[in-house]
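Each chain is listed here by its residues.
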Amino acid sequence: MEKTMKAVVTYAPGDNRYEDFPFPELEDGEVLLKVKGCGICAGDLKAFHGGIRVWGTSEADRYMEPPCIPGHEFYGEVVDIKGEVPGIAIGDDVCAEQVVPCGHCHFCRTGKYWMCQRSAVFGFKKYANGGFAEYVKLPKTSLKHVLPKSFTKEQSVLVEPIACGMHALEQANIQHDDVVVIAGLGAIGTSMCNIANLKMPKLVIGLEVREERARRAREYGADIVLNPVECNVVEEIMKLTDGLGCDVYVEASGSPKSAVQGLNCLRNHGRYVQMGVLSDLVTADWNTIGDGKELTIIGSHLSAKVYPAVIRGIEKGLIRTDGLISHCFKLQDWAKAYETAEKDPTAVKIMLEP
Ligand SMILES: [Zn+2]
Ligand SMILES: [Zn+2]
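None of the values given here were measured: they were computed from a predicted structure.

Chemist: Quick question: what am I supposed to make of the pattern of salt bridges here?
Modeler: When the charged atoms of two side chains with opposite charge come close together, those side chains can pair. The full count for this structure, using the stated rule, is 18 salt bridges. The partner of K153 in a salt bridge is E353, with the nearest N and O atoms 3.3 Å apart. One end of the pair, K153, is in helix α4 (residues 153–172); the other, E353, is in strand β15 (residues 349–353), and 200 residues separate them in sequence. Accessibility expressed as a relative area gives 28% for K153, which makes it partly exposed. Overlapping salt bridges bring together E212, R215, R216, E219, R320 and D322 as one network.

Chemist: I keep staring at the coordination of the zinc ion (ligand 2) and nothing clicks. Help me out?
Modeler: Under ideal tetrahedral coordination, the four donors around a metal are separated by 109.5 degrees; under ideal octahedral coordination, the six donors are separated by 90 or 180 degrees. Within the first shell, the zinc ion (ligand 2) binds the protein through C102 (SG), C105 (SG), C108 (SG) and C116 (SG), at distances of 2.3 to 2.4 Å. Sequence spacing among the residues donating to the zinc ion (ligand 2) works out to C-x2-C-x2-C-x7-C.

Chemist: What's the story with the pairing of strand β1 (residues 4–12) in this structure? I'm lost.
Modeler: Within a regular strand, the side chains alternate between the two sheet faces. Where β1 lies against strand β2 (residues 15–22), eight bridges are found, and the strand directions are antiparallel. Across the sheet, residue T4 finds its bridge partner in β2, namely P22. In textbook terms, the turn of a hairpin is the stretch between consecutive antiparallel strands, and for β1 and β2 this stretch comprises two residues, one of which, G14, has a positive phi near 75°.

Chemist: When you look at the sheet that holds strand β12 (residues 266–274) in this model, what are you seeing that I'm missing?
Modeler: Picture the strands of a sheet paired through backbone hydrogen bonds; they go either parallel or antiparallel. As summarised here, the arrangement of the six strands in space is β10-β9-β8-β11-β12-β13, forming an open sheet in which the pairing is parallel. Each edge of the open sheet carries a strand with a single partner, namely β10 (224–226) and β13 (296–299). Along the sheet, successive strands turn relative to each other by an average axial angle of 20°, direction set aside. Pairing of strand β9 (residues 203–207) with β10, which is carried by three bridges, proceeds in the parallel orientation. The residue bridging I205 from the neighbouring strand is I224, located in β10. With respect to the sheet, helix α5 (residues 187–198) is in contact with β8 (179–183), β9 and β11 (246–251), its orientation differing from that of β8 by roughly 165°.

Rules used in this analysis
- Residues numbered from 1 in each chain as written.
- Chains lettered and ligands numbered in written order.
- Predicted model: local features only at pLDDT ≥ 70, side-chain atom pairs only at ≥ 80, totals over all residues.
- Heavy atoms only, no water.
- Salt bridge = Lys/Arg side-chain N within 4 Å of Asp/Glu carboxyl O.
- Helix = DSSP H or I, 4+ residues; strand = E, 2+ residues; numbered from the N terminus.
- Buried < 20%, exposed > 50% of the residue type's maximum accessible area, 1.4 Å probe, protein only.
- Donors = N, O, S within 2.8 Å, 3.2 Å for Na, K, Ca; no water.
- Pairing = 2+ DSSP bridges.
- Axes fitted to C-alpha atoms, helices over the stretch in contact; angles between N-to-C directions.
- Contact = heavy atoms within 4.5 Å.

Listed below in structure tokens is the structure:
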């Protein structure tokens, strides 16, 4: 009989099943992890609900390759290695970067693996099944990082989302005289308040509607948190900056309204960073960028060469993780976990464990 493992398997939008799945077989250079935990990303929820960026408009432009196992925020213990994999040993706790680079496209060859033309992320492709499973196979080209033995499961699972936030801040190139606005204070936005604060700018301003998240972000390093429902954010930011506007606006909420707000509250020569995945098209006065303020518009995709820094930062206690994992569910209760992530007002980051 074929050896199997338990996994959550995606077949179609709205069709995830907890079932037996063929046990991963290793090829040369591959590593097998016994999964210890895996965070649920907003992208996993969007995929479940048939998000167009994942499912496309037809088979031709479909990113998702079902049936496959979702989950890219995983870590686990190395239980098998095939061939030579330098730096990785049986028994290590390891996480892999979310992107699985092809290794030979223009971007991979020039060291920009996170922009790999193939753009494969764990959990969306048959050849890169994710961590909502008992075991996950790390392909040869995947980027593996050994986690310190001292890491809790929460810390281990948060490395991926924190890395995405850290990359966005690196894209923003924060200076000590900058007023930095971070819009959307979920787990990543909250962590960005922490990391932005470590760069010692003039002011870190968070934008968030939920009071609980606002409170946590203040603990994490936001000097001020504004609620876009209760105040006019652009006016408040102008007041706080002598009418100039902020230097940096990091959009991490995924709301088109927040994107427009960003253009409006930036000062002349401000830097706009798009980090969140937007839920809809944005309608904005594009002149604000050119004829108006001479803005710099910057994209942020996944994370680039920051995992080691995130791991060091957590290890040194500079990067905080407390309170960012709000719930932990067993793998078979994935549906309840998804529902909690979407509906529970106390939810921040939710993780699954086998
Ligand atoms: Zn993620
Ligand atoms: Zn590539």
